[in-house]
Amino acid sequence: MTPNEYTRAVCACLRHATPKEKQAVAQELQDHLADHADALAEAGWDPEEAHAHALAAMGEAQEVGRALNRAFPLRWLILSRVLLVLAVLAMAKTLFVGLEIDEEYAFSLGFRLVKGDRLFYTMWEPHQLSALPAALVLALYTAIAGTTTGALLFVRAVVLVCKAAMSAVFYRDFKQTIGRHGALLSAVVLFVYTPKWFLGPDYISQQFHFTVAAFLCFYHYYTHGFRRPWLVVLGAVCVCFSFLAFPQSALAAAVIFIGMVLLGRRGKEPTICKIPRGAVLFVLGCMACAAAFLAYVLPGMGLTVFLQRVSLILNDPQYDFTTSQRLALLASQALNTAKFLAKP
């Protein structure tokens, strides 16, 4: 029996596993057989005898298949499908119904940018920086459709597609870490959860979703042998959009950089100028985003006027504390976190 025949015989016993799950099981079995046979060959065994012994050591295919089949119960297959259907129906309802004042506000900010208003020049809202993602989506829609009819539905659909993509990536990357059951439940929660009660990209929703997207990019890079460094750059872009939603959170960039340095050194990541590559790419990605932002904002205004008006994003009239009080609160929270990490 060849390794392929063995894995097909095992997978034939997995009655309630999905095709992807069967493929994953087959790949894992083949990898195990290959590793065992290679180890025997290195010890001096004849290659054919090594493969035959590795197959024999695995056990009879039907017995292994029946044992693995217990890990794929029918009740979980039914429950997972029901959860997915209910999640899709719930979000489809959110896609088509309701319009709250906060969603109107977020949508109108993006629409104003598309129509020609400028940040810090003709816009005075404290959350104006959160208008950029919505403006990008609206500009795309109006360029294609030539009208604003249906624009809100399109924006919601884009947000929903992004949520579905993040949930799928979460399941893929965490099913080995927390198990496929836990990963699927967590992915469904991520898909249906909205910081408020609508899909529109208001500033709170933007910070949550861009932060999750950045985390997923960084997590994949650091848990897969530092491959695909472009993920760090993409994560940096997501982090910058998260900072635009709440500019004070830009202070977290220093914490992210330090964490990347520590993770890179612990994992012996390739370096650039003796600094772990991921940390360098993160800084360069943030610098590129900052340069692009200034190139968009400054023309016709100048740096001096921009610095005079940038205080608008630090003072939100709906809260009864000043910028200095807010920064002091953030500093005290950071100190408490540091104390906890030092002495849990």
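Now for a quick tour of the structure.

About the thresholds
Along each chain, numbering runs from 1 in the same order as the chain's sequence is written. At least 70 in pLDDT is required for a residue's local features to be given in this predicted model, at least 80 for side-chain atom pairs to be given and counted, and no such filter applies to totals for whole chains, interfaces and linings, which use all residues. Excluding hydrogens and water, the side-chain values take into account all heavy atoms of the structure. Each patch is built from residues lacking any salt bridge and having more than 30% relative accessible area; the joining distance is 9 Å for like charges and 5 Å for nonpolar side chains (Val, Leu, Ile, Met, Phe, Trp, Tyr). Using a 1.4 Å probe, the Shrake-Rupley method yields the accessible areas, and only the shown protein chains count as cover for residues. Each reported salt bridge corresponds to a side-chain nitrogen of Lys or Arg within 4 Å of a carboxyl oxygen of Asp or Glu. Positive residues here are Lys and Arg, negative ones are Asp and Glu, while His and the chain termini are left out of the count. By convention, charge coordinates are those of NZ in Lys, CZ in Arg, CG in Asp, or CD in Glu. A run of DSSP states H or I qualifies as a helix once it reaches four residues; a run of E qualifies as a strand once it reaches two. Both are numbered from the N-terminal end. Residue burial is assigned from relative accessible area. The probe radius is 1.4 Å, only protein chains are included, and a residue is buried under 20% of its type maximum, exposed over 50%, and partly exposed in between. Put simply, buried Ala, Val, Leu, Ile, Met, Phe, Trp, Tyr and Cys residues joined by side-chain atoms within 4.5 Å make one nonpolar core. Every residue pair with non-hydrogen atoms within 4.5 Å of one another is taken to be in contact. Polar contacts here mean pairs of N or O atoms no more than 3.5 Å apart (in protein, one a potential hydrogen donor and the other a potential acceptor; neighbouring residues in sequence count only if both atoms are side-chain atoms). Here a pair means two rings of Phe, Tyr or Trp (six-membered ring of Trp) with centres within 6.5 Å. Their orientation is stacked below 30 degrees between planes, edge-to-face above 60, and tilted elsewhere. For a helix, the expected span equals 1.5 Å multiplied by the residue count minus one. By definition, the arc is the one covered by directions from the helix axis to the C-beta atoms. In this analysis a 1.4 Å probe is tested at points of a 1 Å grid over the protein atoms alone, and where it fits but cannot get out there is a cavity; an open set with protein on both sides within 12 Å along at least five of seven lines is a pocket; lining residues have an atom within 4 Å of a point. Grid points are joined across faces, edges and corners, and a volume is the space filled by probe spheres set on the points. In this count, Pro and Cys sit with the nonpolar residues alongside Ala, Val, Leu, Ile, Met, Phe, Trp and Tyr, while Asp, Glu, Lys and Arg are called charged and the others, Gly among them, polar.

1. Section: a negative patch on the surface
Reasoning step 1: A contiguous patch of negative charge on the surface is contributed by Glu-28, Asp-31, Asp-35, Asp-38 and Glu-42.
Reasoning step 2: Relative to the helices and strands, Glu-28 resides in helix α2 (residues 19-42).
Reasoning step 3: Of the residues examined, Glu-28 reaches a relative accessible area of 60% and is grouped as exposed.

2. Thoughts on the nonpolar core
Reasoning step 1: If you look at the biggest cluster of nonpolar residues, it comprises 27 residues, and the most contacted ones within it are Phe-218, Val-232, Met-260 and Phe-282.
Reasoning step 2: Contributing elements (two or more residues each) for this core: α8 (151-174), α9 (180-192), α10 (203-223), α11 (230-245), α12 (252-266) and α13 (277-297).
Reasoning step 3: The residues contacting Val-232, other than those within four sequence positions of it, are Phe-218, Tyr-221, Met-260, Gly-278, Leu-281 and Phe-282.
Reasoning step 4: Within the second largest apolar cluster, 17 residues are counted, among which are Val-25, Leu-33, Ala-37 and Met-58.

3. Remarks on the side chain of Arg-277
Reasoning step 1: Relative to the elements of secondary structure, Arg-277 occurs in helix α13.
Reasoning step 2: For the buried Arg-277, which has no salt bridge, the nearest side chain bearing the opposite charge is Glu-269, at an N-O separation of 4.3 Å.
Reasoning step 3: At 3.1 Å, the side chain of Arg-277 forms a polar contact with the side chain of Tyr-221.
Reasoning step 4: In contact with Arg-277, other than residues within four places in its own chain, are Tyr-221, Phe-226, Pro-229, Glu-269, Pro-270, Thr-271 and Ile-272.

4. Quick look at the packing of aromatic side chains
Reasoning step 1: Scanning all chains against the criterion turns up 13 aromatic pairs.
Reasoning step 2: Between Tyr-193 and Phe-208 the ring centres are 5.0 Å apart and the planes differ by 70°, which places this aromatic pair in the edge-to-face class. Taken together, the residues Tyr-193 in the loop between α9 and α10 and Phe-208 in helix α10 connect sequence positions 15 residues apart.
Reasoning step 3: The class of Tyr-193 is partly exposed, set by a relative accessible area of 37%.
Reasoning step 4: Between Tyr-221 and Phe-226 the ring centres are 5.7 Å apart and the planes differ by 65°, which places this aromatic pair in the edge-to-face class.

5. Remarks on helix α6 (residues 101-114)
Reasoning step 1: Helix length check: α6, at 14 residues, gives a terminal C-alpha distance of 20 Å against a target of 20 Å (1.5 Å per residue), a fit within 8%.
Reasoning step 2: Within α6 the residues assigned to the buried category are Glu-103, Ala-106, Leu-109, Gly-110 and Leu-113. Take α6 and look down its axis: the buried residues cluster within an arc of 130°, on one side only.
Reasoning step 3: Each element contacted by the buried residues of α6 is listed here: α7 (131-145), α8 and α13.

6. Structural notes on the side chain of Lys-196
Reasoning step 1: Mapped onto the secondary structure, Lys-196 falls in the loop between α9 and α10.
Reasoning step 2: Judged by its relative accessible area of 16%, Lys-196 falls in the buried class.
Reasoning step 3: A distance of 2.6 Å separates a polar atom in the side chain of Lys-196 from a polar atom in the side chain of Asp-102.
Reasoning step 4: Residues in contact with Lys-196, not counting those within four places in the same chain, are Asp-102, Asp-202, Tyr-203 and Ile-204.

7. Let's talk about the layout of surface pockets
Reasoning step 1: The volume enclosed by the largest pocket comes to roughly 1000 Å³.
Reasoning step 2: Surrounding the largest pocket, 32 residues form its lining, Thr-18, Glu-21, Tyr-171, Lys-175 and Arg-180 being those nearest its centre.
Reasoning step 3: Every element with two or more residues in the lining of the largest pocket is listed here: α2, α5 (74-96), α8 and α9.
Reasoning step 4: In this structure, the second largest pocket is lined by 30 residues; those nearest its centre are Cys-240, Leu-244, Cys-289, Ala-290 and Phe-293.
Reasoning step 5: Secondary-structure elements contributing two or more residues to the lining of the second largest pocket are α6, α7, α11 and α13.
Reasoning step 6: Per-element tally for the lining of the second largest pocket: the top contributor is α13, with 10 residues.
Reasoning step 7: Residue classes in the lining of the second largest pocket are distributed as 30 nonpolar, no polar and no charged.

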